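What the coordinates show
Chain by chain, the residues run as shown.
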Amino acid sequence: MLKPKVYVTRELPGRSLEIIKEYFDVEVWPEYGPPPKQHIIEKAKDADALATLLTDKIDSEVFDAAPKLKIVAQMAVGFDNIDVKEATKRGIYVTNTPGVLTETTADFAWALLMAVARRVVEADKYVRTGQWKVSWHPSMLLGRDVYGATLGIIGAGRIGVAVARRAKGFNMKILYYDVLPMPPEIENETGAKRVDLETIFKESDFVSIHVPLTEEAYHMVNEERLKLMKKTAFIINNARGPVIDEKALYKALKEGWIAGAALDVFEQEPTPVDNPLLKLENVVVAPHISSASHETRSKMAEMVAENLLVFFQGKTPPNLVNPEVLKVRPLTKLI
Ligand code: GLV
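Because the structure is predicted, anything quoted here is derived from the model rather than measured.

1. Here we look at the packing of aromatic side chains
Taken as a whole and judged by the stated rule, the model has 5 aromatic pairs. Each residue in the set Phe24, Tyr93, Phe311 and Phe312 is aromatic and connected to the rest through ring pairs, giving one cluster.

Now the structure itself:
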């Protein structure tokens, strides 16, 4: 049997490419940066599968060029770069990599939160640039307490819950907003209380965002809501950049409506170096690396391989995001 063709849009970490190569005819984009859209379209022409990253825009333009395409296996939990509705209509399966990155991403939300609250990045710069001239001063680099503060979690999915569990260890009061409540046992375990968005913004010392990017989530953090926040409060985002209106955030930080922000994601990525947010001392930034641990990235890549393999063996891939597709293109054994 001819091996199905898979186009992989970046070198994947760990063993996953070896696994994929055993069963598929594989081509990999060799560069560090993403392939241009036109290149993906070209490669999709005779591809049975695409293995993608969140930086690849996979939409009807790609699907139109790809008559043989059966599955898009994404290495990320978020898949807002893929037009899933269009894929489903055309019988194309879409998979992602949830679960394995939950704790790693929650760890990083915590790293961001702690860093901005206790001015870790400023302190590091302070030492390195020779500003540390007095050995100890009662008012040197004062931050805000995390222990015992109020945390507002927006989005109580896997990552939101993992963040809540960490917050319990810091004796925090936990508020959360989601369309669906957390399971009661998790509310009991963490003490998290479901409230409306207004309450989250008004009462939290730290607002941490953990929603996927949907139409409703776009610019959910806007001028009006930032104005509700305490002057001493912080906002943390390691979900998706466009959930925050960056212009409004800049205004809020510059004019002191809030105390600081920690961002791993931006409206445009890479964020331009002249993004005014980068000029502010009370902003901690990172280049979209929340799931970036050796262990987790290898596991994510292996999940891509597993989703491909299981699908081509004629079974439902474990991380199918569009189960309605089963009716459009019934599963068949292809390898
Ligand atoms: C990363 O942002 C992901 O969605 O996995």
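Text resumes after the structure shown.
2. With respect to the sheet that holds strand β10 (residues 234-237)
As a general point, the strands of a sheet are linked pairwise by backbone hydrogen bonds and lie either parallel or antiparallel. Strand order in the open sheet formed by 7 strands is β8-β7-β6-β9-β10-β11-β12, with parallel pairing between adjacent strands. Taken across any chain shown, the strands that pair with only one partner, and hence form the sheet edges, are β8 (193-194) and β12 (283-285).

3. Some thoughts on the site of the ligand
In the region of the ligand, the neighbouring residues are Leu54, Ala76, Val77, Gly78, Leu101, Arg240 and His288. Taking 190 Å² as the accessible area of the ligand by itself, protein coverage stands at 88%. Considered class by class, the residues forming the shell around the ligand number 4 nonpolar, 2 polar and 1 charged.

4. A look at the environment of Ala301
With respect to the helices and strands, Ala301 occurs in helix α12 (residues 294-312). Through-space distance from the C-alpha of Ala301 to that of Pro13 is 6.4 Å; in sequence the pair is 288 residues apart. With residues near it in sequence (within four places) discarded, Ala301 still touches Leu12, Pro13, Ser16 and Met75.

5. Observations concerning the pairing of β10
Successive residues of a regular strand alternate their side chains across the two faces of the sheet. Covered by surrounding structure in β10 are Phe234 and Ile236 together with Ile235 and Asn237, the residues of both alternating faces. Bridge analysis of strand β9 (residues 206-209) against β10 gives 4 bridges, and the strand direction is parallel. Within β10, the residue paired with Val207 across the bridge is Ile235. One crossover worth recording links β9 to the parallel β10 by way of helix α10 (residues 223-228), and it is right-handed. Bridge count for β10 against strand β11 (residues 260-263) is 4 bridges, and the pairing is parallel. Each residue of the ladder has a partner; that of Ile235, found in β11, is Ala261. Between β10 and its parallel partner β11, the chain crosses via helix α11 (residues 246-254), and the hand of that crossover is right-handed.

6. What about the pairing of strand β6 (residues 150-154)?
Within β6, 5 of the 5 residues are buried, which leaves the element mostly enclosed by the surrounding structure. Because side chains alternate across β6, one face comprises the buried residues Thr150, Gly152 and Ile154, and the other comprises Leu151 and Ile153, equally buried. Summarising the sheet, β6 and strand β7 (residues 173-177) pair through 5 bridges and their orientation is parallel. The residue bridging Gly152 from the neighbouring strand is Leu175, located in β7. Regarding the hand of the β-α-β motif, the stretch spanning β6, helix α7 (residues 158-169) and β7 is right-handed. Inspection of the sheet shows β6 paired to β9 by 4 bridges, in the parallel sense. Within the sheet, the bridge partner assigned to Ile154 lies in β9 and is Ile209.

Rules used in this analysis
Residues numbered from 1 in each chain as written. Predicted model: local features only at pLDDT ≥ 70, side-chain atom pairs only at ≥ 80, totals over all residues. Heavy atoms only, no water. Phe/Tyr/Trp six-rings, centres within 6.5 Å; stacked < 30°, edge-to-face > 60°. Pairing = 2+ DSSP bridges. Helix = DSSP H or I, 4+ residues; strand = E, 2+ residues; numbered from the N terminus. Near = heavy atom within 4 Å. Areas by Shrake-Rupley, 256 points an atom, 1.4 Å probe, with all protein chains shown as cover. Nonpolar A, V, L, I, M, F, W, Y, C, P; charged D, E, K, R; others polar. Contact = heavy atoms within 4.5 Å. Buried < 20%, exposed > 50% of the residue type's maximum accessible area, 1.4 Å probe, protein only. Right-handed = clockwise from strand over helix to strand, strands pointing away.

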